[in-house]
Amino acid sequence: MEGTMEVIELFGLAFSQVPLSEAIEALGKRAGEKKGLLVFTPNVDHLVLIETDSSYRNVYQEADWVFADGMPIVWFSRLVGRPLPERVTGADLVPGLCRIAAEKGLRVFILGGAPDVTPLAAERLFKMNPRLEIAGIATPPQGFENDDAINLSIIDVIKRASPDILFVALGAPRQEIWACQNRDRLNAGIILGVGGAFDFISGRTKRAPAWMQKLGLEWLWRLVREPKRLWKRYLVRDMRFIGIAYREWRKQRSGRLGTT
Ligand code: UDP
């Protein structure tokens, strides 16, 4: 764990206890070091996957910073009296870090997203930050990491581009696994798993209005727009979060009773 900010342990992960603006600033300060630092932003779905797959949990343990992407995690932190100030999502970190990158002359690389979407997002980010240096974009086909030839050529392209900030937008759990497996081979500063961030930034997928995000209803917005892809994730798999949260609540409660 490289991050120097206050952390609180929830669900077995060390969440950084900072608002978005401070997260962006802290990451911007470390991006130039070329240490391959990992930044993950779990939501409820990630927590469910972690619970059912110990190798994914191990990957998460390697993170240098963990920020709460999902509102239920923020609510839970308040419930157990160890409040996280707000959500820090991949979709918000990307534009924030691009702004800092343009200011500081840090180079960014984007891996993932659809070939007709990610370049649009990059164009938008560049329009917002004319001094932004985009060191490269790669949108390899689904499952590329299982094909050694493609995977190695992607790693080589990134390594030669030598970015300070690498955004990995492959969805969970693949983006975190890939980032963790390859962090030392990429010659990158910070490596962030950012899910569907470029779908939103491109404008191709409309993000939930702010009031829905605040109420923790972003998942419902996404479900209504992409029911075929997302119903199983939100309505079946993520229901397991209720049990996970209950067990964690009991654990946190007994921990506190034990210390008072
Ligand atoms: N994606 C990709 N390669 C893949 C699978 C997914 O680039 O093999 C991209 C996809 O285009 C999308 C993102 O990964 O932009 C995953 O989005 P999702 O909505 O699942 O992520 P979330 O933000 O919910 O974690």
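Data block above holds the structure.
Sequence order as written defines the numbering, with residues in each chain counted from 1. Restriction of local features to residues with pLDDT of at least 70 applies here, the model being predicted, together with a cutoff of 80 or more for giving and counting side-chain atom pairs; totals for whole chains, interfaces and linings are based on all residues. Water and hydrogen atoms were dropped before computing side-chain values, which therefore reflect all heavy atoms in the structure.

Draft legend 1. Highlighting helix 7 (residues 148-161). Counting from the N terminus, the helices are the DSSP runs of H or I reaching at least four residues and the strands are the DSSP runs of E reaching at least two. Expected helix span is computed as 1.5 Å times (number of residues minus one). For helix 7, built from 14 residues, the straight-helix expectation of 20 Å at 1.5 Å per residue is met to within 8% by its first-to-last C-alpha distance of 20 Å. Among the residues making up helix 7, those that are buried are Asn151, Ile154, Ile155, Ile158 and Ala161. End-on view of helix 7: buried residues confined to an arc of 130 degrees, all on one side of the axis. Those residues of helix 7 that are exposed and angled more than 90 degrees off the buried face are Asp148, Ala149 and Arg160. Any two residues whose heavy atoms approach within 4.5 Å at even a single point are treated as in contact. In this structure, the buried residues of helix 7 make contact with strand 5 (107-112), strand 6 (133-138), strand 7 (165-169) and helix 8 (174-182). Using a 1.4 Å probe on the protein chains alone, a residue whose accessible area is under 20% of its type maximum counts as buried, one over 50% counts as exposed, and one in between counts as partly exposed. Taking the helix axis as origin, the arc is that swept by the directions to the C-beta atoms.

Draft legend 2. Here's a closer look at unusual backbone geometry. Along the chain, Ala172 connects to Pro173 via a cis peptide bond; the corresponding omega equals 0 degrees. By the secondary structure assignment, Pro173 is in the loop between strand 7 and helix 8. A positive phi angle is found at Lys34, which is not glycine, with a value near 60 degrees. Its place among the elements puts Lys34 in the loop between helix 1 (20-30) and strand 3 (37-40). The exposure class of Lys34 is partly exposed, given its relative accessible area of 31%.

Draft legend 3. Geometry of the nonpolar core. Counting 44 residues, the largest nonpolar core has Phe15, Leu111, Leu166 and Trp178 as its most contacted members. Residue contributions to this core peak at 5 residues, all from helix 2 (residues 44-52). Ignoring sequence-local partners within four residues, the contact set of Leu166 consists of Phe109, Leu111, Ile158, Trp178, Leu186, Ala188, Ile190, Ile191 and Leu192. To define a nonpolar core, start from buried Ala, Val, Leu, Ile, Met, Phe, Trp, Tyr and Cys residues and group those joined through side-chain atoms within 4.5 Å.

Draft legend 4. How the structure looks around the pattern of salt bridges. We count a salt bridge whenever a side-chain nitrogen from Lys or Arg sits within 4 Å of a carboxyl oxygen from Asp or Glu. On inspection of all chains with the given rule, the structure shows 22 salt bridges. Note that Lys127 is salt-bridged to Glu123, the shortest N-O span being 4.0 Å. Of this pair, Lys127 and Glu123 both sit in helix 6 (residues 118-128), 4 residues apart, roughly one helical turn. Here Asp156 and Arg160 are joined by a salt bridge, their closest N and O atoms 2.9 Å apart.

Draft legend 5. Layout of a nonpolar patch on the surface. Each patch is assembled from residues with relative accessible area greater than 30% and no salt bridge, linking like charges that lie within 9 Å and nonpolar side chains (Val, Leu, Ile, Met, Phe, Trp, Tyr) that lie within 5 Å. Per-residue and other accessible areas were derived by the Shrake-Rupley procedure at a 1.4 Å probe size, with only the shown protein chains allowed to occlude residues. Together, Trp219, Leu220, Val224, Trp231, Leu235, Val236, Met239 and Ile242 give the surface a local cluster of nonpolar side chains, amounting to about 770 Å² of exposed area. Of all elements in the fold, only helix 11 (218-225) and helix 12 (227-236) reach the threshold of two or more residues within the nonpolar patch. Tracing the sequence through the fold places Trp231 in helix 12.

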